[in-house]
Amino acid sequence: MSGSLAERSEPDPRTASGPLLDVSGIKLSFGGIKALDDVSFTVDSGQIVGLIGPNGAGKTTMFNCLSRVYVPNEGQIRFKGQPILKEPTHRIADIGIGRTFQNLALFKTMTVLQNVMVGGHCTTASGFIGNALRLPSVRREEDELVGRAWSLISYLGLESVAHARVSDLPFGTQKRVEIGRALASKPTLLLMDEPAGGLNHEEIGGLGDLIRQIRDERDITVLIVEHHMSLVMAISDKVVALDFGRKLAEGTPAEVQKDPEVIRAYLGTND
């Protein structure tokens, strides 16, 4: 399949300088197992892109390469036109890539407010000495961070539980807290790893609406790994399908759903 989206009559200014994220020829092996085998795809600014595939297809492995948790054996990843594979892991949030995790990575004994504030610390500039001396610049940064955290808490409808410990909250609410923590880092690109996992039907519907709002209202591009196909197909502008570490297809949801390789590997047939 061609994998191209519908052509526009005029150039889109968001993509005129190239894709926001450009993954090119990524290969990664663990021992003799090929986790990613020459995977390439792009994500344009303003898109919601779904990354799908069966268990073991390489989706979370790709996220770990984007987050610099893993170092590919071959290939290149460019973000905003700049290579990122030599960036240290702690710099990924600084350059504008935020992430949620398949298994919640929250600080369970801390409050919702504290967890969201943690996500914003990568945007502060004060160092050890400034914090130790409580310089005015440090206090200004802390005030700004608290204000941003409260704004996100309000945006996500978490005001009533802002001072509650995360461990005391329902799973669906904890998922929103993790989204808030990721948004606190002011990402340009948000990586969402199985955000619908463990949610009920009503919560999944609300999650789809929230992801669209984040893209539309906060100008954040979203790359989502998800097994819940109806969610992915409903909200994605483009879908990339993987299987056994290889890319099977890249295109609109309708195109990918009709691709014979995807049907054979993942979506099933009526035979």
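Read on for a plain summary of the structure.

Calculation rules
Residues numbered from 1 in each chain as written. Predicted model: local features only at pLDDT ≥ 70, side-chain atom pairs only at ≥ 80, totals over all residues. Heavy atoms only, no water. Salt bridge = Lys/Arg side-chain N within 4 Å of Asp/Glu carboxyl O. Buried < 20%, exposed > 50% of the residue type's maximum accessible area, 1.4 Å probe, protein only. Helix = DSSP H or I, 4+ residues; strand = E, 2+ residues; numbered from the N terminus. Expected span 1.5 Å × (residues − 1). Arc of directions from axis to C-beta. Polar contact = N/O pair within 3.5 Å; in protein donor to acceptor, adjacent residues only side chain to side chain.

1. Topic: the pattern of salt bridges
Then comes step 1: Applying the stated criterion to the full structure yields 13 salt bridges.
Then comes step 2: In this structure, the salt-bridge partner of Arg-91 is Glu-87, at a minimum N-O distance of 3.3 Å.
Then comes step 3: Judged by its relative accessible area of 30%, Arg-91 is partly exposed.
Then comes step 4: Here Asp-216 makes a salt bridge to Arg-215, at a shortest N to O gap of 2.4 Å.
Then comes step 5: Judged by its relative accessible area of 54%, Asp-216 is exposed.
Then comes step 6: Salt bridges linked by common partners bring Glu-87, Arg-91 and Asp-94 together as one network.

2. Remarks on helix H7 (residues 201–218)
Then comes step 1: The terminal C-alpha atoms of H7 lie 25 Å apart, and with 18 residues this matches the ideal 26 Å at 1.5 Å per residue to within 8%.
Then comes step 2: Residues of H7 that are buried: Ile-204, Leu-207, Gly-208, Leu-210, Ile-211, Ile-214 and Arg-215. Buried positions in H7, seen along its axis, are confined to an arc of 165° and lie on one side of it. Of the residues in H7, the exposed ones pointing more than 90 degrees away from the buried face are Glu-202, Asp-216 and Glu-217.
Then comes step 3: For H7, the side-chain oxygen to backbone nitrogen distance between the N-cap and Glu-202 is 3.2 Å, and the N-cap itself is Asn-200.
Then comes step 4: Looking one or two places after H7, you find Asp-219, whose phi comes out positive at around 55°.

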